[in-house]
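What the coordinates show
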Amino acid sequence: MIAQETIRQLTNISVTERLYLIQILLDSLKQDIKDTDIDNNSPPKEFAIRTFNLGQDIDADRDIIYAERGF
């Protein structure tokens, strides 16, 4: 966690220095994300699709359904 003293010092530096600090942080994040992406490039897991039957086909006519509901 960032100490309150550090935050106070950062709020008192110039805009140019703050932008430079932000650039350093962004570059660090980009590198961390790139390193994480390399770690996660494992081959995808295979999966099997299971089919199932609900019993019968259902004809869903919206006009009939809405008419029964009173819409």
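Residues numbered from 1 in each chain as written. Predicted model: local features only at pLDDT ≥ 70, side-chain atom pairs only at ≥ 80, totals over all residues. Heavy atoms only, no water.

Considerations on the overall build of the protein chain
What counts is decided by this rule: A run of DSSP states H or I qualifies as a helix once it reaches four residues; a run of E qualifies as a strand once it reaches two. Both are numbered from the N-terminal end. Using a 1.4 Å probe, accessible areas were evaluated by the Shrake-Rupley method; residue-level cover was limited to the displayed protein chains.
Within the protein chain one finds 3 helices and 0 strands. Ordered by position from N to C terminus, the α and β elements of the protein chain give α-α-α. Here the protein chain has roughly 7,700 Å² of accessible surface; of this, 56% comes from carbon and sulfur atoms.

Details of a nonpolar patch on the surface
Stated formally: Excluding any residue in a salt bridge, patches collect residues exceeding 30% relative accessible area, merging like charges within 9 Å and nonpolar Val, Leu, Ile, Met, Phe, Trp and Tyr side chains within 5 Å. Salt bridge, as used here: a side-chain nitrogen of Lys or Arg that lies within 4 Å of a carboxyl oxygen of Asp or Glu. The rule is simple: take the accessible area with a 1.4 Å probe, protein chains only, and divide by the maximum for that residue type; under 20% is buried, over 50% is exposed, in between is partly exposed.
Where nonpolar side chains cluster on the molecular surface, the patch consists of V15, L19, I22, L26, L29 and I33 and spans about 570 Å² of accessible area. Here V15 shows up in helix α2 (residues 15–39). Look at V15 and you get exposed, because its relative accessible area is 56%.

Quick look at helix α3 (residues 62–69)
Owing to its 3.6 residues per turn, the α-helix brings residues three or four apart onto one side. In terms of residue burial, α3 counts as a barely covered element, since only 0 of its 8 residues are buried. Immediately downstream of α3, the backbone of G70 shows phi near 85 degrees, a positive value.

As for the pattern of salt bridges
In this structure the tally under the stated criterion is 1 salt bridge. A salt bridge links E5 to R8, with the nearest nitrogen and oxygen atoms 2.4 Å apart. Pair noted here: E5 and R8 are both in helix α1 (residues 4–11), with a separation of 3 residues, about one helical turn. R8 sits in the partly exposed class, given a relative accessible area of 43%.

Some words on the confidence of the model for the protein chain
We apply this condition: Each residue carries a pLDDT score, the predictor's own confidence in it, on a scale running from 0 to 100.
The share of residues in the protein chain with pLDDT of 70 or more is 89%, and the mean pLDDT across the chain is 83. Looking at the elements of the protein chain, mean pLDDT is at its lowest for α3, recorded as 83, and at its highest for α1, recorded as 88.

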